[in-house]
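# Descriptive analysis of the structure
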2 protein chains.
Amino acid sequence: MSVTAPRGFRAAGVSAGIKTSSARDLALVVNDGPQHTAAGVFTTNRIQAAPVVWTQAQVRKEGTARGVVLNSGGANAATGKAGYADAEKTAQRAAELLQTVPEQVLICSTGLIGVPLPMDRLLTGLEAAQQQLSASAGAGLNAAEAIMTTDTVTKTVVIERDGWRVGGIAKGAGMLAPGMATMLVVLTTDAAADEKTLDAALRSATKVTFDRVDSDGCMSTNDTVLALASGASEITPAPEELAQALTEASANLARQLVADAEGATHDIAITVQNASTEMAAVIVARAISRSNLFKAAVFGNDPNWGRIISAAGTIPADIAPFDPQEIDVYVNGVQVCRAGGVGEDRSLVDMSPREVQVVVDLHAGNFEATIWTNDLTHDYVHENSAYSS
Amino acid sequence: MSVTAPRGFRAAGVSAGIKTSSARDLALVVNDGPQHTAAGVFTTNRIQAAPVVWTQAQVRKEGTARGVVLNSGGANAATGKAGYADAEKTAQRAAELLQTVPEQVLICSTGLIGVPLPMDRLLTGLEAAQQQLSASAGAGLNAAEAIMTTDTVTKTVVIERDGWRVGGIAKGAGMLAPGMATMLVVLTTDAAADEKTLDAALRSATKVTFDRVDSDGCMSTNDTVLALASGASEITPAPEELAQALTEASANLARQLVADAEGATHDIAITVQNASTEMAAVIVARAISRSNLFKAAVFGNDPNWGRIISAAGTIPADIAPFDPQEIDVYVNGVQVCRAGGVGEDRSLVDMSPREVQVVVDLHAGNFEATIWTNDLTHDYVHENSAYSS
């Protein structure tokens, strides 16, 4: 079950022929109400794809949406005015099919940058998708399948609450390749929520989940996380309850993204503890997660703590105060670095599990944050060098 | 010719047994004067190796130095108080051998972090180095060889001026692996210069050369660039002449570092032009140079401009103002992206040369900067996953 688990939602996923393969490549998620509340969080990349420009504007202006059209096989990014017109055309046609106005239709695209979408096939596929709309579990799964690019598995989630649910689909082949594997997420809920509450809940959820999955800082032009609320349960949870449920769903999907990093041999959780602020913990953890040297070492099953503290040391003291002579590092429970120097023998670290736990203790405060990433592997290089050729 | 090309300098490079191989691993560069002016530029990483702590303090305090001891086979980083004591011991023994005070001896180390140096062997090797000190070209080359780690070739330079010279040695296997391949550089000159002039000249030189060679932002714990002036030519060049000569020498060595990136198949020059400030040009170029997606694409001979503008787009508008709808990208002379959209067919780009020229035109001002990097290859992953095992 996924986006169709909460009441008030139908979905479909079809093969429109946008991809060169015959795989599903066009998804439709429709909110049948009674409410149509919508919220969105978007890439902060200044190079925004046409669907992001369209969808961000509609979500901000309307705070409501009847449906979302998502396609794989093309990002519709860096496609100029023609690309924006294509996004508008898609919204117009979907609005006709759903008997609403274009402003109520949100658009997400993923695939190669700089290539126009095959609009004839996309629009024909849209009709097929509309005809196949269903509240069944299979329809939600078809939608999850239609947004896959290099993903090897569909990503879905359902969170159960007392009388209401949150469902979701996501795509993104780990954060190993976010430039090609734009992260697209659609969360649905049959809880009742006004725009402000849904928006706040989504932001608090993404801040500690999707925003903390990182590998190479290659922010996509298309990253989009949408939340749709139908109110069909007739239950209005407290704002913090809704935020908690969206956070749980987002954390679950974020872990699935990390786990599906093609070619990765390790998932890495980098926890920075006893930082002066939460932001300091995030920034230090992110610096470590972006160290190619550290990530290549993990691929070699080497708990190379020198590369960990070296990455931490790149952050200026005014951003993350700590004493380099006090820093401790634990890899899979073994304290390999004590007070900035050699700790336990690194050969004591068991690097065989897929999940590698790195804990960095800054001894500078009481704040903590965890960033998820993957190791840097031959397959990462291979996949990303071969993608557009 | 290298550090011994300017008058007043002797050098040596010996095998002290610090490396497990029998390769040279200990170098000594001595300034016989009459002047002993010294300047240094050091890593900004807060995790500084013991030799960096020692050397930075002496250069700042004294502004003079009689000699430099450099070793490969061990970084003496994250080695605590014992590691600092080892750096002191090295300076003390070198001072005895050179009949000076320890404060006049600078120390540089490179190799694995977190491993103590084999001091007995190092100190014995130091005596051998002192006995072999010579002003010959071969002695300078031996010193260049003794600081190599994963370098495949020695890096040396000589710049001729009217009556004076600048010489230099460097190590660093490209910026592909700066964490293991700490960049160490010693520049010598027989020009006469006071401390302030030499310091200013060195800073202006490194700013536009070594500071603009980048690949993964993995700043080393040991990076050091030293300049020594003997005054033996009895010529005092104008400050800007000295700065120009040091810049020329540094640019030459920086290019050698990029060219010796093991396993790299392409050197990449990323020029950002028409930026609002020089800093904006540097920051945008650096963001592109740190995109694993872009660098893997270059490895695949793919002029993937989408990844170039996507990386540029990660820089906030207040730091580097530009209109995403105006950005142009040229790869090896072909305008693959025009006004933020598709330009010439990417198949027109000849990616066969080792050097790849990327030009990004921001249309936002008159400033320009170039950052050098390499592509991201299988061999990068292999080397950096296998290093400490």
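Throughout what follows, the structure given in this document is the object of discussion. Everything numeric here is computed off the predicted structure, so don't read it as measured data.

### As for the sheet that holds strand 13 (residues 341–342) of chain B
All names here are of chain B. Pairing is mixed across the open sheet formed by six strands, whose spatial order is 13-12-11-14-10-15. Both edges of this open sheet fall to strand 13 and strand 15 (367–374), since each of them pairs with a single strand only. Bridge count for strand 11 (residues 328–331) against strand 14 (residues 355–361) is four bridges, and the pairing is antiparallel. Within strand 14, the residue paired with Tyr330 across the bridge is Val359. Helix 7 (residues 278–289) contacts strand 10 (267–275), strand 14 and strand 15 of the sheet and is inclined by roughly 25 degrees relative to strand 15. Along the sheet, helix 8 (residues 292–299) contacts strand 10, strand 14 and strand 15; its crossing angle with strand 10, the most-contacted strand, is approximately 125 degrees.

### Things to note about the relation of the copies chain A and chain B
Screw-axis analysis of chain A against chain B gives a translation of 0.0 Å along the axis, an RMSD of 0.0 Å, and a rotation angle of 180 degrees. The transformation relating the two chain copies, once decomposed into turn and shift, fits a two-fold axis. When C-alpha distances to the rotation axis are compared across chain A, the minimum falls at His378 of chain A, with a value of 2.6 Å. Residue by residue, 100% of the interface of chain A is reproduced at the interface of chain B, so both copies engage with the same surface.

### A look at helix 8 of chain B
Residue and element names in this part refer to chain B. The element helix 8 is extensively covered by neighbouring structure, given that seven of its eight residues are classed as buried. Listed in full, the buried residues belonging to helix 8 are Asn292, Leu293, Phe294, Lys295, Ala296, Ala297 and Val298. Two residues or fewer after helix 8 comes Asn301, characterised by a positive phi angle close to 55 degrees.

### Examining helix 3 (residues 119–131) of chain A
Residue and element names in this part refer to chain A. Spanning 13 residues, helix 3 covers 19 Å between terminal C-alpha atoms, matching the ideal 18 Å at 1.5 Å per step. Residues of helix 3 that are buried include every one of Met119, Leu122, Leu123, Gly125, Leu126 and Ala129, and no others. Considered in projection along helix 3, the buried side chains sweep an arc of 160 degrees and stay on one side of the axis. Exposed and facing more than 90 degrees away from the buried side of helix 3 are Asp120, Thr124 and Gln131. Where helix 3 is buried, its residues meet strand 1 (9–14), strand 2 (26–31), strand 4 (67–71) and helix 2 (80–98).

### Focus on the packing of aromatic side chains
Tallied over the entire structure, the rule returns two aromatic pairs over all chains. When the ring of Trp54 of chain B is compared with that of Tyr84 of chain B, the centres are 6.4 Å apart and the planes differ by 55 degrees; the resulting orientation is tilted. Within this pair, whereas Trp54 of chain B is found in helix 1 (residues 50–62), its partner Tyr84 of chain B is found in helix 2 (residues 80–98), the two being separated by 30 residues in sequence. The exposure class of Trp54 of chain B is buried, given its relative accessible area of 5%. When the ring centre of Trp372 of chain A is taken as reference, the NZ or CZ atom of Arg255 of chain A above it lies at 4.0 Å. Against the face of Phe322 of chain A rests Arg46 of chain B, its NZ or CZ located 3.9 Å from the ring centre.

### Here's the deal with unusual backbone geometry
The general pattern is negative phi for most residues beyond glycine and trans for most peptide bonds. Residue and element names in this part refer to chain A. Residue Pro34 is bonded to the preceding Gly33 through a cis peptide linkage, with omega at 15 degrees. Backbone geometry at Glu234 places phi at a positive 60 degrees, although glycine is not the residue there. With respect to the element layout, Glu234 can be found in the loop between strand 9 (224–229) and helix 6 (239–259). For Glu234, a relative accessible area of 73% puts it in the exposed group.

### Focus on the sheet that holds strand 4 of chain A
All names here are of chain A. Reading across the sheet, the four strands line up as 1-2-4-5 and stay open at both edges, with mixed pairing between neighbours. Taken across any chain shown, the strands that pair with only one partner, and hence form the sheet edges, are strand 1 and strand 5 (105–109). Direction aside, neighbouring strands of the sheet carry axes that sit 10 degrees apart on average. As defined by bridge partners, strand 2 adjoins strand 4 across five bridges and the pair is classed as antiparallel.

### Describing the pattern of salt bridges
According to the stated counting rule, one finds 34 salt bridges over all chains in the structure shown. As a salt-bridge pair, Glu160 of chain A and Arg165 of chain A come within 2.8 Å of each other at their nearest N and O atoms. Relative accessible area serves as the criterion here: at 48%, Glu160 of chain A is assigned to the partly exposed category. The residue Arg203 of chain B makes a salt bridge to Asp199 of chain B at a minimum N-O spacing of 3.1 Å. In this pair, Arg203 of chain B and Asp199 of chain B both sit in helix 5 (residues 195–207), four residues apart, roughly one turn of the helix. A relative accessible area of 40% means that Arg203 of chain B is categorised as partly exposed. Through salt bridges with shared partners, one network takes in Arg255, Asp267, Arg354 and Glu355 of chain A.

The rules behind the values
- Residues numbered from 1 in each chain as written.
- Chains lettered and ligands numbered in written order.
- Predicted model: local features only at pLDDT ≥ 70, side-chain atom pairs only at ≥ 80, totals over all residues.
- Heavy atoms only, no water.
- Pairing = 2+ DSSP bridges.
- Helix = DSSP H or I, 4+ residues; strand = E, 2+ residues; numbered from the N terminus.
- Contact = heavy atoms within 4.5 Å.
- Axes fitted to C-alpha atoms, helices over the stretch in contact; angles between N-to-C directions.
- Least-squares fit on C-alpha atoms with pLDDT ≥ 70 in both.
- Buried < 20%, exposed > 50% of the residue type's maximum accessible area, 1.4 Å probe, protein only.
- Expected span 1.5 Å × (residues − 1).
- Arc of directions from axis to C-beta.
- Phe/Tyr/Trp six-rings, centres within 6.5 Å; stacked < 30°, edge-to-face > 60°.
- Lys NZ or Arg CZ within 6 Å of the ring centre and 35° of its normal.
- Salt bridge = Lys/Arg side-chain N within 4 Å of Asp/Glu carboxyl O.

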